[in-house]
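Next come the chains, spelled out residue by residue.
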Amino acid sequence: MKKLLALALITFYEGIRNRSVFGIAIFSMFVFGLNVIVAGFFMRDIGKVTIDMNLSGLSVAGLLLVFFVVVNLMAKDIDRKTVHLVLSKPITRVEYIWGKYLGVVLFVFVSMAVLFMFSCFTVILVKGMHSDYFAQFSWTVFSLAALFVFLKIAVLGAVVVLFSTLTSNSFITLIFSISVFIVGTSVEDVLFFLRSGLAAQDVAVSKTLWIVIEVVSYLVPNLAVFDYKISAAHGLMPAWGQLGLSLGYGAVYIVVLLVVASCVFSRREFN
Amino acid sequence: MRRILILLLVLLISLVSHALVTFEMWRMRGQVRSTTVAGYVLPSKFSSVLAFGYKGLLSDFLFLKSVTFFGERHLAKKILSDGDWQYLLTSLDVVTDLDPYFEDPYVFAEANLAWEGKVEEANRILEKGRKNRNWDWRIPYYIGFNYFYFLQDYEKGAEYVMEAASRPGSHPFLSTLGARLAYYGGKSKTAVLFLRQMILETTDPGLRTRLEKRLIALERAAELEAKIELFVKEQGRKPTSIEELITAGYVDSLPPDPYGGQWVILKNGRVFSTSKFTDSR
Amino acid sequence: MLEIEFCDVSKVYNPGLFKPRVRAVSELCLDVIQGEVFGLIGPNGAGKSTTIRLLLGLLRPDVGKILYRGRTSEIRSIQGELGYLPETPYLYDHLTLEELLAFCGRVSGLSPAIVAQRGVRLMDRLAIIDARRRPLRTFSKGMLQRAGICFALLHDPSLIVLDEPMSGLDPVGRKMVFDLLTDLKQRGKTIFFCSHILSDVERLCDRIGIMNRGRLLQIVGRESFVSKGRDMLHLEVERLDELQNRTLRPFVTALDDECSSTIVSFPATDLPRVADKVQSMGVKVLGSRNERLSLEDLFMLTVKAD
């Protein structure tokens, strides 16, 4: 366990000290600052627009962190053969995977927490300027939504770890991870659209396509489950059962991905 | 030294030309936008998938787009063509599908669609708001208003206004308005029941008194209407005046109007009062 | 006691989708005795690095197995006592040297106190102590190599595996490493390394293995080259036939066929053995010639004959 934490710690340092993180932070501040101006363009639902922009900015920042920094963190080790050095120590392949992932999660959490602080600051600012239009706003739901944005990023981080074990090429890892993100975001809409279309019998779907989509819905993470942005925008507290299931789904999915990654990595050869 | 001077001269010339060209460009764009046909909005099904999890943000963006489009047309004093209206309607539809809790499009629909003659379409969009923004009294009020003001459907108008009155934070006058509309719409019984319910829920004593007074007036009017119906059934004709009910023996005496007016029978057989059921003259 | 034993190990790998498979290592049989310094030399692509990777468990042999301390083929059993230094150690850019060694210590199961103590000693010895708070990306190649050595030796391993330890070092650095290895040898550590620099190999190693094209051609003992040069004997014998050629081959360095004779080349110290063999085969000796060879010459000869 200690070895795992040691690897997690240095992975965290490597992530946090990456120059890209600075760029992503600047970009996020820009989005948060922008929302102070943009909110004024709207008539009534200023609270909603502020939350929309803040949570979307946080989400995009998280995606940038995963696709550019985390992919790099994982690929660097293998590309530059640092992994040879680490594995020459008494650390198992499984400990390596979990240690790296823990470091990634820690890095993402700290980065997003800092960004969330800035986001809260702009929310307070806009709320002060247009307090009448924040009637529906709830700090609880806003924070919960931000937490689930983090969870979504954590799931994508596990996807990146898995693909890193399958290929040494960081570009392929990137492309595949982005594809999982795209499919994961759309799968719910597509599935329910087809289901309702089939029921209304105004959409012709072949049996094979149907089976493919059903299989995909079990393989790919349904990222819509972590999306509480609209609830936060209107201060609508979701049911605890729903929140619990989202949390559980995320946790289980991460564990499964890491177990598969551990298996693949244990059999991996390094040249 | 000469090289630097030449470089600076070139820089100056390029900056000046940039300023001039940019000025011209913005002017041209203003012209282009005022003559452009309204854009195309992807239907909700596609928009929601293409939002990639940013539905709320996309709804904000699309709404802003429609508002600026509408505003620009107004600025240029242009009348909106059918195509323009179609764009606006689809846009508002998509915006409210992406985020059905978004208040601004509903307000916009009421202000700019209903008042421009597109009442049915406005109501259709407002229905979504009524269902989803179930804490918001304004939306059913808008729908009700549209029904009684534009469509002259008092019955339906009353229904919606009453719903609005039952939602939290509603303006107290809505309860009396609802009852009045119901009464105008020929639904005195409904008005009576509604008022009784409102009285039970009202904590404000001033409002309570006003509602109770209105209730008494309507109950008495309803009683008289029932007597008139009986008269018509038995006598085969409408009574000439309210007093005929007493002479014909249908009532012993006329119950007093709490607002102090005289009962009158309207042409359609409804009972009203010279007080118009209001304290102000 | 045998520290490491390669038993008939072969490794083939696929460099790409449409490229032909490469025999990286074929039928490798190699022992490393506890306490000795074993050097592996060979031209580029001989399979030295692959051998080291097989040793470290980074690759799995297709055929054969590798035994550690005669007991098990699980690398895990001796990982705690193994120190590895690759040719170009790429370490974590953004970590400081101190953080790297702290990590190294934790992963090796050392207490922070010991890590601090030994770390300072090692860093001082390798003259990088002043840079310990600087991030590794600011280190020069030589400094990185030395940092890598610290990483490899922090936990005082009993088996040290090095892949080209002197490459990229300036003469000062090379002397430092050389002294360090000598010191380790004196303390009874087992050292296994591969190198291109034959002079270092000559001075340090107890035994030298010569590899080419994935095969171990010859293992030469210290006594064969402890003197400045190396005596090579060339025996001219009557022309050997196919069978005789094959029989004699394992005992000698090279067999060159001339028109009517064969030149048999071997280290002078092997003379008794070779003479016996030649006699038992009934081959007639026509003449002989002495030659002083350095390790380099021996190396070139062996590789060319392959």
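Attention shifts here to the overall build of chain C. From N to C terminus, chain C includes ten helices and 13 strands. Its C-alpha atoms give chain C principal-axis dimensions of about 70 × 45 × 40 Å. The proportion of buried residues among the 306 residues of chain C is 41%. Across chain C, contacts joining residues at least 24 apart in sequence account for 71% of those joining residues at least 6 apart.

This next bit is on the sheet that holds strand E3 (residues 37-41) of chain C. All names here are of chain C. Strand order across the open sheet formed by six strands is E5-E6-E7-E3-E8-E9, with mixed pairing between neighbours. On the outer flanks of this sheet lie strand E5 (82-85) and strand E9 (215-221), each paired with one strand and no other. If you compare each strand with its neighbour and ignore which way they point, the axes differ by 15° on average. As judged from the four bridges shared by E5 and strand E6 (residues 159-163), these two strands associate in the parallel manner. Within E6, the residue paired with Tyr84 across the bridge is Val161.

Here we take up the interface of chain A and chain B. With 22 residues of chain A at the interface, the matching set in chain B holds 17 residues. At the level of elements, helix H3 (46-79), helix H7 (170-200) and helix H9 (229-233) of chain A are the ones that each hand at least two residues to the side of chain A that touches chain B. Here the residues of the side of chain A that touches chain B are counted per class, giving eleven nonpolar, four polar and seven charged.

Here we come to the domain arrangement of chain C. Residue and element names in this part refer to chain C. Partitioning chain C into domains gives domain 1 (2-223) and domain 2 (227-305). Look at where the C-alpha atoms of domain 1 and domain 2 centre, and you get two points 34 Å apart. At the interface, nine residues of domain 1 touch seven residues of domain 2. Broken down by secondary-structure element, the contributors of at least two residues to the side of domain 1 that touches domain 2 are helix H7 (198-204), strand E8 (207-212) and E9.

The next point concerns helix H4 (residues 112-125) of chain C. Residues and elements named next belong to chain C. Given a rise of 1.5 Å per residue, 14 residues ought to cover 20 Å, and the 20 Å separating the end C-alpha atoms of H4 matches this to within 8%. Restricting attention to buried positions, one finds in H4 the residues Val115, Gly119, Leu122 and Met123. Viewed end-on, H4 has its buried residues packed into an arc of 95°, placing them on one side of the element. Exposed residues on H4 whose side chains face more than 90 degrees from its buried face are Ala113, Gln117 and Asp124.

Counting 209 residues, the largest nonpolar core has A:Ala158, A:Val161, B:Val161, C:Leu100, C:Cys150 and C:Val161 as the members making the most contacts within it. Sort the elements by how many residues they give to this core and helix H6 (residues 139-166) of chain A lands first, with 18 residues. Discounting chain neighbours no more than four positions away, the residues touching C:Val161 are C:Ile52, C:Leu55, C:Leu56, C:Leu82, C:Tyr84 and C:Phe192. In this structure, C:Val237, C:Leu240, C:Val252 and C:Phe266 belong to the second largest nonpolar core, which totals twelve residues.

Attention now goes to the interface of chain C and chain A. With 24 residues of chain C at the interface, the matching set in chain A holds 21 residues. Broken down by secondary-structure element, the contributors of at least two residues to the side of chain C that touches chain A are helix H1 (48-56), E5 and helix H3 (97-108) of chain C. Considering every element that reaches the side of chain C that touches chain A, the biggest residue donor is H3(C), with five residues. Partitioning the side of chain C that touches chain A into residue classes produces 15 nonpolar, five polar and four charged.

As a further point, take the pairing of E9(C). If a strand is regular, its side chains alternate between the two faces of the sheet. As paired strands, E8(C) and E9(C) are joined by six bridges and run antiparallel to one another. Looking at the pairing, C:Gly209 lines up with C:Ile219 of E9(C).

Leaving glycine aside, a negative phi is the common case for residues, and trans is the common case for peptide bonds. Residues and elements named next belong to chain C. Look at Glu164: it is not a glycine, yet its phi comes out positive at around 50°. Considering the arrangement of structural elements, one finds Glu164 in the loop between E6 and helix H6 (171-186). Using a count of 19 C-beta atoms within 10 Å as the deciding quantity, one classes Glu164 as partly exposed. The phi dihedral of Arg213 falls on the positive side, at around 50°, and the residue is not glycine. Assignment of secondary structure puts Arg213 in the loop between E8 and E9. By C-beta crowding, Arg213 is classed as partly exposed, having 16 other C-beta atoms within 10 Å.

This brings us to the confidence of the model for chain C. One rule of thumb: low pLDDT means the predicted coordinates there are not for detailed reading. The share of residues in chain C with pLDDT of 70 or more is 97%, and the mean pLDDT across the chain is 84. ipTM for the predicted complex: 0.85, alongside a pTM of 0.80.

Okay, the sheet that holds strand E4 (residues 63-68) of chain C next. Strand pairing in a sheet relies on backbone hydrogen bonds, with the paired strands running either antiparallel or parallel. Residues and elements named next belong to chain C. Strand order in the open sheet formed by three strands is E2-E1-E4, and the pairing between neighbours is antiparallel. Unpaired on one side and paired on the other, strand E2 (22-33) and E4 mark the two borders of the sheet. Looking at each pair of strands side by side, their axes are set apart by 15° on average, direction ignored. Two strands pair when backbone bridges link them, and strand E1 (residues 2-13) and E4 are joined in this way by five bridges, in the antiparallel orientation. Residue pairing for E4: Phe6 is matched across the bridge by Ile66.

Quick look at the environment of B:Gly261 now. All names here are of chain B. Along the chain, the position of Gly261 falls in the loop between helix H12 (243-247) and strand E1 (263-265). On the neighbour-count criterion, Gly261 (16 C-beta atoms within 10 Å) is partly exposed. When the C-alpha positions of Gly261 and Lys276 are compared, they lie 7.7 Å apart, and in sequence the two are 15 residues distant. Not counting residues within four places of it along the chain, the set of residues in contact with Gly261 comprises Ser273, Thr274 and Ser275.

Residue and element names in this part refer to chain B. The contact between helix H3 (residues 55-75) and helix H4 (residues 82-98) brings their axes to 9 Å, and the two run at 155°. The pairing of H3 with H4 is recorded here as roughly antiparallel in orientation. The element H3 and its partner H4 pack so that their crossing is left-handed. From H3, Lys55, Leu58, Ser59, Leu62, Phe63, Ser66, Phe70 and Arg73 reach across to H4, where they touch Asp84, Leu88, Ser91, Leu92, Val94, Val95 and Leu98. Classifying every residue of the contact of H3 with H4 by side-chain character gives nine nonpolar, three polar and three charged.

Parameters at a glance
Residues numbered from 1 in each chain as written. Chains lettered and ligands numbered in written order. Predicted model: local features only at pLDDT ≥ 70, side-chain atom pairs only at ≥ 80, totals over all residues. Helix = DSSP H or I, 4+ residues; strand = E, 2+ residues; numbered from the N terminus. Buried ≥ 20, exposed ≤ 12 C-beta atoms within 10 Å, placed from the backbone. Contact = placed C-beta atoms within 7 Å. Pairing = 2+ DSSP bridges. Axes fitted to C-alpha atoms, helices over the stretch in contact; angles between N-to-C directions. Nonpolar A, V, L, I, M, F, W, Y, C, P; charged D, E, K, R; others polar. Domains from an automatic or database assignment. Expected span 1.5 Å × (residues − 1). Arc of directions from axis to C-beta. Core = buried A, V, L, I, M, F, W, Y, C linked by C-beta atoms within 7 Å. pLDDT = per-residue confidence, 0-100. Parallel < 35°, antiparallel > 145°, perpendicular 65-115°, else oblique. Left-handed = near helix turned anticlockwise from the far one by under 90°.

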